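Survey of secondary and tertiary structure
Here are the chains, one letter per residue:
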Amino acid sequence: MMRPLSILVKAWLACSMLRMEQVCKLSLLSFATWAALGLHAMERQLWDTNWRFALADSANMAQPTFDDTSWRVLNLPHDWAIEGNFYVKNPSGAVGGALPGGVGWYRKHLTLNDSDTLSRYVLHFDGVFMNTSVYVNGHLVGIRPNGFIGFGFDITPFLNKKGGDNVVCVRVDNAQQPNCRWYTGCGIYRHVYLLRSSEVRVAQWGVQVLPTVKGHKATVVLNTTIESFAKQNRKLSVRQSIYDAEGRRVAQSVTGCVARMGKTTVNQRLNVSHAKLWWPNAPHIYKVITELMAGREVIDRDTTTMGLRTIAFDATTGFSINGQPTKLNGVCLHGDLGCLGTAINEDALYRQLRMMKEMGANAIRCAHNPPAPELLNLCDTMGLMVIDEAFDQWRVGKTEFDYALFFDKWAERDLTDMVLRDRNHPSIILWSIGNEVLEQWNTTKNQGVDLDDVNILLNNARDPARLAADESLSDNAKLTRWLADIVRRNDPSRLITAGCNEVSPNNHLFKSGAIDVVGFNYHSK
């Protein structure tokens, strides 16, 4: 059993990068053209342009017949808070930039001419802050309180597919503030995609890549989850191919399977000779193409990237990558882009990371929630190592309206989705399940606590009586184990940490035994 490694932090991490290859090339084909050409493999269309927006709120705004002609027309990503006026009495307060929150609505029309009755449509959001409700043709499709994790809804049952007009409406509620300890922005601040697939498809984030490297050879285990809406079982083949950075195919495997209604997982093992390793100074990237085939027809296709590398933490020798001891020099990076706000902009993000790398940083810690996908793609290609962090609070809140209000209902879903979305990035070396959570001590729910009081608790000396008193597991220690188990269930290949500013061994998180790599956020003495 590996002993926990103590890492002195608050300068945990840092970054910079090469320009990312676009995740998807915009297809100029309409859905009608796709159907006519028989292209049933999943199509992914960036869906950022020509949204209508109003900073207002009415239940009628979800209805297709609502008149939105006077609304502002804009392109996403969008942060309405940064467009507002600074005002000392804005509820966001100093931590939120003293900028306005409120409730905003977005509306967009979708016209389809799809004669394929079996095709499926998913509307995917990379990030919306916060309390998002999505409507299609007046029907509530789904909600997502968390403003930092991506999510998608299958909107097929609510669509007019044959020559009909469809209205997509998104309500964003960021009225209750303060709900964070830093500037978050407001609105659909990351990209939106519309996806079309057959009734049998690769599930969202459904390809897991688990490489093992020995010398110049690598074995890559690929676990593929297939999602089927078909009433009948389907005999299919899964063809998976690995390509190097020069576009040469270096491995391929084909296996048969039976796709049943619901989800089915297929396992394959591929061998890569003359493996090129992922190093911080030479970040070689491979591409994995997964094709779902009915006979010779490709009915769905998924593309993911990976790197071949080994990482290890040891209490005596520290961190190593590919067997080479390496010091992590970096920063904790929040998701905003300074005076530009939070609306994701790849050029601005690249500029941030390039400057940090020029400064000497080789790693970043995502403070304190899942980052934009573009950041991880850039870290992959620039050779920056990442600690991917899930939460700034668990059940005990740090501000009056923060994520603690949603933790019990949503934490498992949000943490699972973070790991599923990010687990194939070679840049990620650790998962962090929390930052300075108040469950380090004996606590009860404290919604409504003053932010200044929280900062005093986090930064000043604490009462030793609030720590674990004996060897029995407290509820907070059990909660730590529960979160760590969620991570390990979805990714067994990386260790788990948490940023802790209570350095006593009687910290409830430490007493859980679930933390592999102990993160000390200051208070080292």
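See above for the structure.
As a starting point, this report considers the structure included with it. None of the values given here were measured: they were computed from a predicted structure.

**Overview of the sheet that holds strand 10 (residues 162-174)**
Hydrogen bonding along the main chain pairs the strands of a sheet, whether they run parallel or antiparallel. Ordered by their spatial adjacency, six strands build an open sheet running 4-3-5-10-7-8, and the pairing between neighbours is antiparallel. Each edge of the sheet is formed by a strand with only one pairing partner; in this case those strands are strand 4 (72-74) and strand 8 (139-144). Direction aside, neighbouring strands of the sheet carry axes that sit 25° apart on average. Pairing between strand 5 (residues 102-113) and strand 10: eleven bridges, direction antiparallel. Within the sheet, the bridge partner assigned to Leu 110 lies in strand 10 and is Asn 166.

**A word on the sheet that holds strand 16 (residues 262-272)**
One open sheet holds the three strands; their spatial order is 12-13-16, and the pairing between them is antiparallel. Looking along the sheet, the strands with just one partner apiece sit at the ends: strand 12 (200-214) and strand 16. Direction aside, neighbouring strands of the sheet carry axes that sit 15° apart on average. In the sheet, strand 13 (residues 217-228) pairs with strand 16 via eleven bridges, with the strands oriented antiparallel. Of the residues in strand 16, the one forming a bridge with Glu 227 is Lys 263.

**Quick look at unusual backbone geometry**
At the junction of Leu 76 and Pro 77, the peptide bond is cis and its omega measures out at 0° in the coordinates. Within the secondary structure, Pro 77 is located in the loop between strand 4 and strand 5. In this chain, Ala 367 is followed by His 368 through a cis amide linkage whose omega measures -5°. In this structure, His 368 sits in the loop between strand 25 (363-366) and helix 3 (373-382). In the Ramachandran plot, Asn 137 falls in the positive-phi region, its phi being about 50° despite a non-glycine side chain. With respect to the element layout, Asn 137 can be found in the loop between strand 7 (132-136) and strand 8. A positive phi is found at Trp 205, a non-glycine position, where the angle reads about 55°. Position of Trp 205 relative to the elements: it lies in strand 12.

Criteria and thresholds
Residues numbered from 1 in each chain as written. Predicted model: local features only at pLDDT ≥ 70, side-chain atom pairs only at ≥ 80, totals over all residues. Heavy atoms only, no water. Pairing = 2+ DSSP bridges. Helix = DSSP H or I, 4+ residues; strand = E, 2+ residues; numbered from the N terminus. Axes fitted to C-alpha atoms, helices over the stretch in contact; angles between N-to-C directions.

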